[in-house]
Amino acid sequence: MAHEDCIFCKIIAGDIPSAKVYEDDQVYAFLDISQVTKGHTLVIPKTHVKNIYETPSEVASELFARVPRIANAIKAAYKPVGMNLLNNNEAPADQSVFHIHIHLIPRYGEGDGYSSNWNVHTEDYTPEDLQTMAAEINSEIK
Ligand code: AMP
Ligand code: ZN
């Protein structure tokens, strides 16, 4: 069901304009207005769900099932040298629109406008630490 204050629900409904890349009964894809790189696309489910934590597995399945076709279309159109998929959940993780979306960010080489910095902490954890952490997470799987 559409969420009345949601900008992406309004885009799906056609109440706010967008540059539509793809649409079917379950999914809508459109160009991100920020165009971090050329062809930067958002893929969203037509069902309003806030983020990954609230996404039923059927909605996730339908959403992600379209991603390879859309990624290949961007690849065919603009010949990027690579592509990053990104999904931000909650404001501290940079989610700014609270209707789940997957960013498809085609890459064109160094200095193309996208960067992801992450620090590697391989040395901070022993193999036993990793086994303990894996078990802790596994015990919470519902
Ligand atoms: P996030 O920060 O992961 O929640 O991503 C939200 C994205 O939505 C940002 O990259 C915005 O540029 C994009 N966005 C917000 N409003 C619009 C809009 N009206 N049309 C297209 N993209 C939008
Ligand atoms: Zn919505």
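Here, every reference points to the structure presented above.
Residues numbered from 1 in each chain as written. Chains lettered and ligands numbered in written order. Predicted model: local features only at pLDDT ≥ 70, side-chain atom pairs only at ≥ 80, totals over all residues. Heavy atoms only, no water.

What follows is about the environment of Glu54. If you trace the backbone, Glu54 turns up in the loop between strand 3 (41-45) and helix 2 (57-78). With 46 residues separating them in the primary sequence, Glu54 and Ile100 have C-alpha atoms 9.0 Å apart. (Helix = DSSP H or I, 4+ residues; strand = E, 2+ residues; numbered from the N terminus.)

To continue, consider the site of ligand 1. Residues in close proximity to ligand 1 total 16 residues, the closest being Asp32, Asp94, Ser96, His101 and His103. Between a nitrogen atom of ligand 1 and a main-chain N or O atom of Ile33, the distance comes to 3.1 Å. In this structure, an oxygen atom belonging to ligand 1 sits 2.8 Å away from a main-chain N or O atom of Asp94. Relative to its unbound accessible area of 500 Å², ligand 1 is 82% covered by the protein chains. Applying the majority rule of atoms within 2 Å of the grid points places ligand 1 in the largest pocket. For the shell around ligand 1, the elements supplying multiple residues, two or more each, are helix 1 (7-13) and strand 2 (27-31). With 3 residues, the top contributor of residues to the shell around ligand 1 is helix 1. (Near = heavy atom within 4 Å. Polar contact = N/O pair within 3.5 Å; in protein donor to acceptor, adjacent residues only side chain to side chain. Areas by Shrake-Rupley, 256 points an atom, 1.4 Å probe, with all protein chains shown as cover. 1 Å grid on protein atoms, 1.4 Å probe; cavity = no way out; pocket = protein on both sides within 12 Å on 5 of 7 lines; lining within 4 Å. Sits in = over half its atoms within 2 Å of the grid points.)

This part takes up the coordination of the zinc ion (ligand 2). Around the zinc ion (ligand 2), the donor atoms from the protein are Cys6 (SG), Cys9 (SG), His48 (ND1) and His99 (ND1), and they sit 2.1 to 2.3 Å away. Geometry at the zinc ion (ligand 2) is tetrahedral, judged from the 4 donor atoms that bind it and their angles of 106 to 117° at the metal. Between consecutive donors of the zinc ion (ligand 2), the numbers of intervening residues give the motif C-x2-C-x38-H-x50-H. Here the residue Cys9 occupies a position in helix 1, and His99 occupies one in the loop between strand 4 (82-86) and strand 5 (102-107), the gap between them amounting to 90 residues. Each member of the pair Cys9 and His99 is classed as buried. (Donors = N, O, S within 2.8 Å, 3.2 Å for Na, K, Ca; no water. Tetrahedral: all angles 85-135°; square planar, octahedral: opposite > 155°, others 65-115°. Buried < 20%, exposed > 50% of the residue type's maximum accessible area, 1.4 Å probe, protein only.)

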